[in-house]
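# Structural description and commentary
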Amino acid sequence: MEYDFKAIEAKWRARWTADGTYVSQERNDKPKYYVLDMFPYPSGAGLHVGHPLGYIASDVVARYKRQCGFNVLHPQGYDSFGLPAEQYAIQTGQHPAVTTEQNISRYRSQLDLLGFSYDWSREVRTSSPNYYRWTQWIFSQLFGHGYDQSADQAAPISALTDRFAERGNADLNWAVGEETLTEAGELHFGEGFEGVFSAQQWNGLSEKGKSDLLMAYRMAYLADSEVNWCPALGTVLANDEVIGGLSERGGHPVVRKKMRQWMMRITAYADRLLDGLERIDWSDSIKEVQRNWIGRSTGAQLMFNIEGHQGLNIEVFSTRPDTLHGASFLVLAPEHPFVLDITTESQRAEVQAYQVETAARSERERMAGDRGVTGCFTGAHAAHPLTGDLMPIWIADYVLAGYGTGAVMAVPAGDQRDWEFARAFGLSIPPIFEGHNLEEGAETDKNAVLCNSGDWNGMTCHKALPEAMAFLSEAGLAKPKVNHRLRDAVFSRQRYWGEPFPVCYVDQIPQLIEGDHVLLPEVDAYLPTEEGEPPLARAEKWNVQQGDRMEFNTMPGWAGSSWYFLRYMDPHNENAFCSREKSDHWGQVDLYIGGAEHGTGHLLYSRFWTKFLFDLDLIGFDEPFAKMINQGMILGRSSFVYRIEGTQTFVTFEQRKSHRTQRLHVDISLVQNDILDLDGFRAWRPEFANAEFTLNEKGEYRCGSEVEKMSKSKFNVENPDDLVERYGADTLRCYEMFLGPLEQAKPWDTQGINGVHGFLRKLSRLYRGADGETLVHDGQPSPEGERALHKTIKKVTEDLDRLSWNTVVSAMMIGVNELTEAKAHQRALLQPLAALVAPYAPHMAEELWELCGGSGLVVDAPWPKWDAEKLVESETTYPVQFNGKVRFQFSVPSDTAPADVESAVLQDERTAKQLQGRSPKKIIVVPGRIINIVG
RNA sequence: GCCCGGAUGGUGGAAUUGGUAGACACGACGGACUUAAAAUCCGUUGGCCCAAACGGGCCGUGCGGGUUCAAGUCCCGCUCCGGGUACCA
């Protein structure tokens, strides 16, 4: 066999393993390059062809950089804590660790088949005790720190307690929990303990009191807060795990519930997470997703006095104080604490009914339901801060309690929701924009010109906004305010298969367990206890430590994945999560490749933890991933058969419309080039055993097809193992890269794989004849052969540098076609060629390298360089355009000066023919490119 | 609604700074080899038109305008598709 890929691939994989080829070490004689894949969750289904796409791309880069002389770090591991293994455990009693182990070995064997250059000696698993002890350690650091906003970095809680003991909390500027702030922004730490407290007060607090107070400052803290509770999963979920009111995993309904949970104060980092985006090379769409998720908006906090309620003021957040003259009413969230205080007797019943109604509507119903405008008048009025006019105060569920102050000033002329609300309830809509028709809706363009707005009349909103801000601040009517949509993240899960917290409770006070490593205990069942405690409460002996109750919650899936890229740098360190020496050596991830679905989860949390560890001076960089590429999803191509209704007769695709047919998915393994294997189909399922077929003119049964998501139920899953078996790993690697731009979603179509396989065979035939005889010789290469090689080196190198994986394959194909044409069997050409194809087809490249007598392994072969002189052609052929249309080709010696090209082309008889006697008005010669004659 | 992408032959896609649109493949069609099939090799393949042929012309990158010697690429205005997100004040 001329290209025995099975033998070749097995041979070189064994060699790489035996030699430890891909084990990487810190070294200072070469620049480093860290290329990382998002590590997989090892699911029971194994890999389909979509999974390796990103892995192949990163492997190509890892190999390319290595040949270019970089010291490459290219590790892989498993995100092995998580829900599916636990759900499976609940159903079968199988310990999640066992399932996980099985899934990991399946993944590993599938990955190994593809010839990746991973350094497996650095493998990490988030569920391994050697790994999660450091996840726990980072948690304890988060617990032990808060955020000093003056220094704009994390600072130890001990600094805070020292300060409290000396001078209380005067002039303190630390990030503090929202639940600690009153409506007016005052601190409130419990009964009789508000605002500024003295050292004496602090020192007089009980241990429990101190612990509770400090929770308001810790980066990891316990709080009673509204959380997303998923009854079906029996656990809380973070905001990013809830999509449209349903759980991301499983699609179960999620409700709001008040619970005491561990939280992460990611909000302290909101601005730095936003600013950091400017310094990283990520796609605009992911950056935009993060910006929106953080949702920074700047505006003003305005105060409205409530008529007849001395000293009771409603704070309102507005990004548009320039439209203040148009404010005609206030709207509070139904849950706003003042609602019942201000509601008049006559409105009380109606208001309470509305509150009940709102509370009963789940988030999901609100989302799915009608967008009808609802609301209710409280009977109270507030005074307009500029005019003193009375403005009615309403409540409505379009105002959210959790954002801003939970109250808005309605400017119906300038906000569409306010406009609709005013329309629905007949409230006044003061006109404040010149030339705007209020019948049509609100004016939201900031270029609109204001009227009826006092000093701001005639200004555009753009101009009036800063004026309004300055005026209102000066007058003491408003203060500048920045709001974020970002909320602190829930960090507790009521599940078994996760990191246990290194925390126990002593007299209700949470204490870190230091010294002992808290291991995940064995339990008799993976369900909550009868008292509703999480599964860990079942672990007798474990559930009480040091005489006190353990924390029964576990950490969420994103805990382990927030820092795994650091552990690869120093995977076996027993004294630290990663030594500073190692993290300084490897630094940021230079290239991160993975799906775009983690925009608001993993990618935000790992940035947060990185910044935190940077603040603690434990690592030297505060963004984890310098450059990221998000690969697109590979879609499946489903095949269909058409059954005449009520029969077992199947008609071919061409005739499907001449009968009443049902379209049924058919397993794509039974279909080759849209033609169905009839016997295979009959044998596929018992109900098709007696199937009859109506064939087309060629006597074939043609199937229909459609591109859709790959899934088992659609029988369109392409398994990489089968393709490796049929074509070899090198073919699969090249083909996945050849499909199209990495970032684009694209359909999987196995038909094209033949072409790529053919390319590799053709490549092989340059080196070895049909009978296996070596064709490589030491003759002098022809100029054509040299030009073909150097052209290919140039194109491949440039395309790899701009990460254009797909065009590299085309370039290699063109190169091989041209070299074949030039009968290029000279060692001087074929040896660099083997080095050139090595990143894409590493197994074959080793074989060909060896055949050429290359020294060592091709993995370490220096990247070939192109020689510009070899590319120079003696003649340049210009396309000659007349008025922009190409009319003929014109060749001149390549060193002809543009002016000489011009005069030469004008003397050409074809030019005269085109001009038909006219004289050219203008001639443009773009050297080496094109000639355009205007005339 | 808002934000981010995208639209190029029968299909996947290429065209990197405005410079020959359709590279490279797939598929299809025709041919060679073969008892046959597979494999391999050769040729044709955006549409329309003129020509017996050699050749030649016109149109063409979602739609409509514009800038330019020259536009898939830049500008203005739309349409459709994909993804994200949502009563965020």
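Residues numbered from 1 in each chain as written. Chains lettered and ligands numbered in written order. Predicted model: local features only at pLDDT ≥ 70, side-chain atom pairs only at ≥ 80, totals over all residues. Heavy atoms only, no water.

Let us now look at the state of the cysteines. Two cysteines joined by a covalent bond between their sulfur atoms form a disulfide. Evaluated as defined, the whole model comprises zero disulfides. Among the cysteines around Cys-68, which has no disulfide bond, Cys-734 carries the closest sulfur, lying 18 Å off. (Disulfide = S-S within 2.5 Å.)

Moving on: the sheet that holds strand β34 (residues 922–926). Hydrogen bonds along the backbone pair up the strands of a sheet, which may run parallel or antiparallel. The four strands lie next to each other as β33-β32-β35-β34, forming an open sheet whose pairing is mixed. On the outer flanks of this sheet lie β33 (885–893) and β34, each paired with one strand and no other. On average, each strand axis in the sheet is tilted by 20° relative to the strand beside it, whichever way the strands run. As judged from the three bridges shared by strand β32 (residues 875–882) and strand β35 (residues 930–934), these two strands associate in the parallel manner. Among the inter-strand pairings, Gln-881 is bridged to a residue of β35, identified as Asn-932. (Pairing = 2+ DSSP bridges. Helix = DSSP H or I, 4+ residues; strand = E, 2+ residues; numbered from the N terminus. Axes fitted to C-alpha atoms, helices over the stretch in contact; angles between N-to-C directions.)

In this section: the protein's contact with RNA strand B. Neighbouring residues of RNA strand B: 48 residues in total, closest Thr-319, Tyr-403, Gln-744, Arg-761 and Lys-795. A distance of 2.6 Å separates a phosphate oxygen of RNA strand B from a polar side-chain atom of Arg-417. A distance of 2.2 Å separates a phosphate oxygen of RNA strand B from a polar atom in the side chain of Arg-761. Broken down by element, the surface near RNA strand B gets its largest block of residues, six residues, from helix α25 (residues 805–821). Residue classes in the surface near RNA strand B are distributed as 19 nonpolar, 14 polar and 15 charged. (Near = heavy atom within 4 Å. Polar contact = N/O pair within 3.5 Å; in protein donor to acceptor, adjacent residues only side chain to side chain. Nonpolar A, V, L, I, M, F, W, Y, C, P; charged D, E, K, R; others polar.)

Let's shift gears to the pattern of salt bridges. Evaluated as defined, the whole model comprises 49 salt bridges. Here Asp-112 ties to Arg-108 by a salt bridge, and the two come within 3.0 Å at their closest N and O atoms. Here the residue Asp-112 and the residue Arg-108 both occupy positions in helix α4 (residues 96–113), the gap between them amounting to four residues, near one helical turn. Overall, the relative accessible area of 31% leaves Asp-112 in the partly exposed class. Overall, Arg-108 belongs to the partly exposed group, its relative accessible area being 27%. Of the charged contacts, one joins Asp-570 and Lys-582 as a salt bridge, the two residues approaching to 3.8 Å between their closest N and O atoms. (Salt bridge = Lys/Arg side-chain N within 4 Å of Asp/Glu carboxyl O. Buried < 20%, exposed > 50% of the residue type's maximum accessible area, 1.4 Å probe, protein only.)

The phi angle at Gln-508 is positive, at roughly 70°, despite the residue not being glycine. Relative accessible area serves as the criterion here: at 61%, Gln-508 is assigned to the exposed category. Notably, Lys-823 is not glycine yet its phi reads approximately 50°, a positive angle. Mapped onto the elements of the fold, Lys-823 is located in the loop between α25 and α26 (827–837).

Bridge count for strand β3 (residues 145–148) against strand β4 (residues 153–156) is four bridges, and the pairing is antiparallel. Paired with Gly-146 across the bridge in β4 is Ala-155. In this structure, the hairpin formed by β3 and β4 is closed by a connection of four residues, where Asp-152 is found at a positive phi of approximately 55°.

Next up on the list: the domain arrangement of chain A. When the domains of chain A are assigned, the result is domain 1 (297–483), domain 2 (635–708), domain 3 (728–870) and domain 4 (873–934). For domain 2 versus domain 3, the separation of C-alpha centres amounts to 40 Å. On the domain 3 side, the residues contacting the five residues of domain 2 number five residues. For the pair domain 2 and domain 3, the two sides together bury roughly 440 Å², of which 49% comes from carbon and sulfur. (Domains from an automatic or database assignment. Contact = heavy atoms within 4.5 Å. Buried area = accessible area lost by both parts, 1.4 Å probe.)

The tendency in soluble globular proteins is for nonpolar side chains to be buried as a group. Counting residues in hydrophobic clusters, the biggest one holds 85 residues, and the most contacted among them are Met-737, Leu-763, Tyr-767, Trp-805, Leu-833 and Tyr-840. With sequence-adjacent residues up to four places away left out, Leu-833 is seen in contact with Leu-763, Leu-766, Tyr-767, Leu-789 and Leu-819. (Core = buried A, V, L, I, M, F, W, Y, C linked by side-chain atoms within 4.5 Å.)

The next subject is the sheet that holds strand β2 (residues 71–73). Taken together, four strands build an open sheet; the order of strands is β2-β1-β22-β23 and the sheet is parallel. If you trace the sheet from one side to the other, it starts and ends with β2 and β23 (628–630), each paired once. On average, each strand axis in the sheet is inclined to that of its neighbour by 15°, with strand direction left out of account. With three bridges connecting them, strand β22 (residues 591–594) and β23 associate as parallel partners. Across the sheet, the residue bridging to Gly-594 is Asn-630, located in β23. Along the sheet, helix α2 (residues 52–67) contacts β1 (32–37), β2 and β22; its crossing angle with β1, the most-contacted strand, is approximately 170°.

Once that is clear, we can look at the environment of Asp-524. Position of Asp-524 among the secondary structure elements: in the loop between β19 (509–512) and β20 (544–545). Judged by relative accessible area, Asp-524 falls into the exposed class, the value being 64%. Taking the C-alpha atoms as reference, Asp-524 lies 8.9 Å from Gly-93; in sequence the two are 431 residues apart.

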